[in-house]
Every structure is written in C-alpha cells, then in structure tokens.
Amino acid sequence: MDKQIISADQNLPEILNIIPIVGKPIFPGIFTPVMITSGQDKKTVEEALQKDNAIGLVLTKQEMDERPGPEDVYRVGTVARIVKKVNLPDGGINLFITTVKRFRIDKLMNKSAPFVAQVEYLKDEIDGPPDEIKALTRSLIQEMKLISEENPLFSEEMRLNMVNIDNPGKIADFIASILNIDRDKQQKILETLNVRDRMEQVLIFIKNEQELIRIQRKIAGEINERIEKSQRDYFLREELKAIKEELGEPSDAQSSEYMKFKEKIDKLDFQDEIKEQVDSELEKFQLMEPSSSEFVVTRNYLDTIVNLPWEDPEPDVIDIAKGQKILDRDHYGLDDVKERIMEYLAVRKLKKDTKGSIILLVGPPGVGKTSIGKSIAHTLNRKFFRFSVGGMRDEAEIKGHRRTYVGAMPGKIIQGLKIVKTKAPVFMIDEIDKLGSSYQGDPSSALLETLDPEQNIEFRDHYLDLPFDLSQILFICTANSMDSIPRPLLDRMEVIRLSGYIADEKVEIARKYIIPKSLKKHGLDKKSIRYNKTTLKAIAEGYAREAGMRNMEKAIDRINRKAAYQVVTQEKELPIKITKEALVDYLKKPYFRGDEIKRASISGTAIGLAWTSMGGDTLIIEAVYTPGKGLLKLTGQMGDVMKESANIAFTHLRKRGPLLLDNKDWFEKNNIHLHIPEGATPKDGPSAGITMTVALISMYLNKRIKANMAMTGELSLTGEVMAIGGLKEKTIAARRNKIKEIIIPQANERDLDEIPEHIRQGITFYPVTRIEEVLNLAFPGLGA
C-alpha cells in the first residue's frame, strides 16, 4: 500500500516553541540555515524535535536584544519545520529549516524564555481582479530581473526560484527576503496579509533599489573616467619623459629640481661638515619618490640651505660725514645715541670686524627706538630686518623646530637671513623686555647663544642643524625697561637710554618730521595748512604730555583729517591757519590743563619724581592725621619696597618731629594716613623716601614746603640720602610739570652731565647727603 504524502503546512501544532531572532524576519517558503547559540534556544530546539519538529520564529523589536521579554518581540512570525540539526564544535547548533506559514501569537504560555505560545495561523488574503494580481506578479518578476542583471550577488538559482514560484504572495515574500530592506520594513511586509498590498509595498522597495543601482552606476562611471584620464596622463608623461631624455633635458619635475639644487650647491662650495650633510640630503632627495611624505620635507630643507647667504659680503664703504648727515636728517636730538652710532662706524671703518656689535635701546614708548634702527641700517647701507619677541614663549621661535616635527621651519634668525639674502644685515629685536617662558622653553636663554659674539660664529638652528656664522649681523634690541631682561642677556648688550621729550623738543620734532609726514598721508600740501610754534607747544602741553611722540602724532593727524574735510567742502579759505584758540574746534578740550600741574599747595603734601617704563613722571604724596593711637595707614597701591620707605619716613617723623615742634602726646593721640594718588596704578621703589619724610614733617608742622620744588632720593634709617636711577627721565618730567628746584642725592651729581643743557636750563639742582639738608631746603629757616 502506497504511503500518503502529507503537506508541510498540515498538522501544524497550535502550541509552538518560540525562538526570538535578532537579525531580520524569515518569510514563509524559504529553505535556510539558522545558527542557534543561546542555551535557552538550544533547549527549545530539543523540545521541538521531541514533539513535532516545529518551531516559531519571531523578530525582536530591538536588533541587539539577546534576552527579550514577552513585550520585546513582535506578535507575527513564521512557523518552520526542522529538516536537519548539525552540532557545531563550539557548542552551537546549525539548523536547516523550511519555513511554512505566518502565525500570530494569541497567548504566551510563560513570561520568560524559553517561550511557548498558543498561536493562530494566518492565510493570505487575495482580493481584486485576477488580472491586476497577475500584472503585479509580472511587474515584480520583470523589475527583479533588471536588478539581478546589475547585481552579481543574485545567483542563477535565485532567478530560477523566482520564476518557478506560482503563488503571488510567495513571490512577494521571496523578493522581500532577498532585497536589502530595513528589518522593521520587512516585518511590516510579513504582517501584511493582503497579497495585493504586500506586492505593491515590495514593488516600491524594488524601485528604490533600482534608483540606488542607478546612482552606483553613475558613481562607478565617474570613477572609471578619472582612472582612464589618469592612465592616459600617465602614458603621455612617460612619452614626454622619454623625449626629454633623448634631448638630454631633465625628464621630470624632480630631476629638474635636483639639477637646480645641485647647481646652486656646487656654486656655494661648501666644506667639511656642511658639504657632507648637504650632499647626503641631495642624494637622498634624488632617490625619493615624489609621493613620499619625506620628499616635501627634504625639498624644503634643501631650498632653505641654497637660499641662505653663505658667502661673505663685500666690505662696507663707510662715509662718516654721510652717516652723521643721515642721522641728523632722520632724528632730532638724541645726541648720545648718534654719538655711539658714529663711534661704531669709526671702529668699523678702521677694523673690518663687527663682532660684539649688540646695542640695546631702552626708553618709553614713542621716543623713536624702532626708527633709529632703520636709520642705522640706512647709514650702514645694510638690509634691515625687524621682528618682535614680545610675548614669545617658545624657544623654537628663535632656534627653529627639529625636522622630525610636521610643519617644522627655521627660527626667526635664519628666516630673516633667508629674506634679506645677506650675511651682514641689521637685525632689530623689538620688545626684548617682554619675553615670556613656558614648558616649551625659555626664549631668553635661546637668545644668549644668538647674541653672544663668542658663540654665534657657529650658531646651530634646530631645523638647519648646521653651523652658521651670525657674527657679522648688527643686532639692535629695544625695550621699555631693563628690569625684566635676564642679567646674562643684558651683560651681552651695550645699553643706550632714550629719555622722553620736553615740550620744546616735541615742537621741533613735529615741525620737522611729523607734520610733513601727516600732510602727505592726508593728501594735503604745505600751502593748504599752517601751524605755528605756539600752537604746537599748546598741543604738546595740553594733549600730548607723555614721554613719547605717539599722542602728538595722533593729535596732528586728527587736525589734518578735519582740515582735509574743510578743503574738500570749501568751508574755509586756504591756507587754513591752525591757531592755539582753534585747537578746541579740532581736538576738543585739552586733556591736561594748567591747573592740573601737580603742586604741593597745602601742608602735608610734597612732590616726588618717579621713573617707569613709560618714562619719567611726577607724583604728589599726601599725608593727613586723624584722632587715634599713633598708627600708620598706607594707601595708593604701594609695593613692598615703597612701604618699607614709608615706614622709615614714619620713624624719622617720630624721631625728628618733637625736636622741631614740642607737641606732647601728639603721636599717642593721632593716626597718620599716607597716600599716593592715582590709586589704580601700582607703584614701587625706594626713591620716594625723602619725599615721604618731607610730606610727613609738613603735616606735623602744618607748614607748606617751598613752591615749585620736587625731590627724589632713597632714605636710610640713619638719615643718609642714597642714589637713585633715571635722573634724566625724572628731570624731563619735572620740566614738563614746571618744577624750578629739584633735590637730588649727591651721589647722582655726576648724572647731571648726561642731561642736555636745554633740559637743565631754568632748573636748580640741590645735591644732598643727609635728611637734615633736605628739610632745610624744603622749609627755609627751619634749622633742622
């Protein structure tokens, strides 16, 4: 009797062992392997094999959810028959299954894995005219053929299977399973029971796939065109290379550069270490592939070497008279600076050597330090290169970066030499007092080798790593103050101080230099605007009372801008005369008034002289007393040294006060408050010692000091008046403040010779050694 054949979708159990799958859903009508690794899933498989070989496959809602709960799986899945089980060496199971039919979970029999569920089997719903279903089926097969022709991943077996399936729903399922569709969208197709709707959804996905294939084809075509063009260019270059080789010319850019480098290096005639190093780099360059990362590094290194001025310059032709004429033409005053430069020129003329030529120009802003450097270069007929080191924190800025670093380059010194293309330029290093330091190194220490004439004969830049002679460079450094310059660095330089200017000097500088420059800058000529000395002096005293010339230049520029507007609009007749009275119209009201000149007009005040990086200045010291217990209060942002001077002054008051005026119990009944105005400005230094003492004595005696008198000097505890610095700058500040008499330490009497006669004129200096002399001068008839 023949055995009856039973269909796979018959006798399906109503209770199914469920296996959650994390990849993509598996559609009915598919024969496929499934890997089982979870211990719970392996247990489910064993139970199914013992019962009816049927398992339910449902998709997890989250792709990476390996331990889903009852709410973490979709309710619609696929029932499958286990055809074969293969145990794997790693303990897993490889199942070969054939999927049969859709099902929906009606009820989960347990709430934790392994899941067992009561299920309802779902049938395809076919509605609509049969012709439409047939047309959709043909469309699906035809469109998939187009995709399969473009995609090599579609095997011939897949094409045959697709054609041989006669059920429209199964065709849609088969195509959905092989298209690259998101898992959520595949699950939606699985849950769609209406065959027509399912086929329409799949058709949309087919169209999307075709569009992606079209874009891929377009991109591939563009890439192929580029490859073909690059191959064509390659063959043409090879032909050109062969032609050039026949003609004896360099066959490529690399060979051409190699020949240029070799020609320049041969002309330079290097010796010893330099020749050995350069030849080695040149040979390495010739053997390198242009695409190599080291190619550009070596090329830039050789380019730096061949563009440096290795050869000694021609001897200077020095004309002393011409040099003096250039300095006088470019700068007003500054006799000591000009004298030092002319001495340097004389030595250079007699001795063809510039070693040890390192000048430091120290002075407040705007006094002409940078312009002096340019004039020196012009006088010597040398190239000029300037760079600022203000705020510089990395020593590699001076000595370069080692070539092992990406983007390495030489330091500022070698870069400057490459630019000026001479071995004997004038190098100006600006703002040397504002050098910083950090974990990256100390630039001031790197400058030691650069500026030291005994070491810079064989200066080694980190990038170049070859000895280079810097001894023929004339280094000129500038600074506002020497306090922050490291002592070893300062010892290598000759210091030339540039003091500030008084009003008369500013008038001459403005007349000879600033006004012609400003007129040209604003498109005016000498005939269209006129200044007189009275006006210029009023600008200097009312709008530009600082040590330098910057504010003076700004004021004149502002006047000329307004004058240019008046010329264009024809508001005024030419020439426009700038009078003292008209300054208010051009510059508004003066910043400084005559009544702002500091005067010790009441008891308890005295005028001192200070010196800062901005130049000299006058300061008034105020002292008052209030009822108290003899305490001293200090205000005005005094530094530690100045506070010590104030305490010494207080001691002298307590010692000498009772001798000058018998006032019993005064100190026990009064507190003293000593203040220096402009409290926002920090102040320090010992030179206000005698000024503080005089202010305290004036307060105690209730007696004003002599009018138009200022003083400066450090005071010791025993009453000695000690030397101070910056006397020239302080004298210029006193003259600006219309001071007529200045008390100075006798130790500074020699410094008076350095102050020009026109600055000292009209000022009487009193050199003193003791505080008693100071008091007798400040309070005539006191008899201290």
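In this text the structure is predicted, and so the values were computed from the model without any measurement.

Chemist: In this structure, what is going on with the pairing of strand 23 (residues 741-745)? I would like to understand it.
Modeler: Each regular strand shows side chains that alternate between the opposite faces of the sheet. Of all five residues that make up strand 23, five are buried, and the element is covered over most of its length. Neither face of strand 23 is exposed, since E741, I743 and P745 on one face and I742 and I744 on the opposite face are all buried. The pairing of strand 20 (residues 709-711) with strand 23 spans three bridges and is parallel. Bridge assignment links M711 to a residue of strand 23, and that residue is I743. Relative to strand 24 (residues 764-768), strand 23 runs parallel, the two being bridged by five bridges. When the bridges of strand 24 are listed, I743 appears paired with Y766.

Chemist: What is the right way to look at the sheet that holds strand 7 (residues 358-362) in this model?
Modeler: With parallel pairing, five strands are arranged side by side in an open sheet as 8-9-12-7-13. With partners counted over all chains shown, the strands left at the sheet margins are strand 8 (384-388) and strand 13 (494-497), one partner each. Averaged over all neighbouring strand pairs, the angle between strand axes comes to 20 degrees, with direction disregarded. Across the face of the sheet, helix 12 (residues 369-380) comes into contact with strand 7, strand 8, strand 9 (426-430) and strand 12 (474-479) while running at roughly 175 degrees to strand 9. Sitting on the sheet, helix 15 (residues 443-451) touches strand 7, strand 9 and strand 12, and the angle it makes with strand 12 is about 150 degrees.

Chemist: Please explain the packing of aromatic side chains as it appears in this structure.
Modeler: The full count for this structure, using the stated rule, is 11 aromatic pairs. When the centroid spacing of 6.0 Å and the interplanar angle of 40 degrees are considered together, the rings of F385 and F387 count as tilted. F387 shares its class with F385; the two are buried. Here Y625 and W666 contribute two aromatic rings whose centre-to-centre distance is 5.1 Å and whose plane-to-plane angle is 65 degrees, an arrangement assigned as edge-to-face. Here Y625, found in strand 17 (residues 615-627), pairs with W666, found in helix 22 (residues 666-669); they are 41 residues apart in sequence, far enough to count as distant. The class for W666 is buried, based on a relative accessible area of 7%.

Chemist: Mind showing me how you'd approach the nonpolar core here?
Modeler: One recurring pattern in soluble globular proteins is that nonpolar side chains are buried together. L653, M692, V694 and V774 are the most contacted members of the largest nonpolar core, which totals 56 residues. Ranked by the residues each element gives to this core, the list is headed by helix 23 (residues 689-701), at nine residues. Among residues more than four places away in sequence, those in contact with V774 are I690, V694, M711, V721, I743 and V768.

Chemist: Can you help me understand the pairing of strand 5 (residues 93-108) in this one?
Modeler: As defined by bridge partners, strand 2 (residues 31-36) adjoins strand 5 across six bridges and the pair is classed as antiparallel. Bridge pairing in strand 5 places M35 opposite N94. With 11 bridges connecting them, strand 4 (residues 76-87) and strand 5 associate as antiparallel partners. The residue bridging A80 from the neighbouring strand is T99, located in strand 5.

Chemist: Can you walk me through the pattern of salt bridges in this structure?
Modeler: Note on pairing: side chains with opposite charge can pair once their charged atoms come close. A complete count under the given rule lists 35 salt bridges for this structure. K521 is the salt-bridge partner of D557, the closest N and O atoms lying 3.3 Å from each other. One end of the pair, D557, is in helix 19 (residues 550-569); the other, K521, is in helix 17 (residues 503-521), with 36 residues separating them in the sequence. Judged by its relative accessible area of 9%, D557 is buried. With a shortest N-O distance of 3.3 Å, R760 and E757 are connected by a salt bridge. Residue R760 and its partner E757 are located together in helix 25 (residues 757-760), separated by three residues, close to a single helical turn. Taken together, the shared-partner salt bridges in this structure form one network comprising R102, D124, D173 and R198.

Chemist: What's the story with a positive patch on the surface in this structure? I'm lost.
Modeler: A cluster of basic side chains, namely K260, K264, K267, K383 and K421, defines a positive patch on the protein surface. With respect to the helices and strands, the residue K260 is situated in helix 7 (residues 253-268).

Chemist: Sorry if this is basic, but what is going on with the side chain of R183 here?
Modeler: In this fold, R183 is placed in helix 5 (residues 183-191). At 4.2 Å, D184 is the nearest oppositely charged side chain to R183, a buried residue that forms no salt bridge. Of the polar contacts made by the side chain of R183, one reaches the backbone oxygen of G23; its length is 2.9 Å. Not counting residues up to four positions away in its chain, the partners in contact with R183 are I21, V22, G23, K24, P25, L59, T60, K61, Q62 and E63.

Here is what the cut-offs are and how they apply
Residues numbered from 1 in each chain as written. Predicted model: local features only at pLDDT ≥ 70, side-chain atom pairs only at ≥ 80, totals over all residues. Heavy atoms only, no water. Buried < 20%, exposed > 50% of the residue type's maximum accessible area, 1.4 Å probe, protein only. Helix = DSSP H or I, 4+ residues; strand = E, 2+ residues; numbered from the N terminus. Pairing = 2+ DSSP bridges. Axes fitted to C-alpha atoms, helices over the stretch in contact; angles between N-to-C directions. Contact = heavy atoms within 4.5 Å. Phe/Tyr/Trp six-rings, centres within 6.5 Å; stacked < 30°, edge-to-face > 60°. Core = buried A, V, L, I, M, F, W, Y, C linked by side-chain atoms within 4.5 Å. Salt bridge = Lys/Arg side-chain N within 4 Å of Asp/Glu carboxyl O. Patch = residues over 30% accessible without salt bridge, like charges linked within 9 Å, V, L, I, M, F, W, Y side chains within 5 Å. Areas by Shrake-Rupley, 256 points an atom, 1.4 Å probe, with all protein chains shown as cover. Lys, Arg positive; Asp, Glu negative; His and termini not counted. Charge placed at Lys NZ, Arg CZ, Asp CG, Glu CD. Polar contact = N/O pair within 3.5 Å; in protein donor to acceptor, adjacent residues only side chain to side chain.

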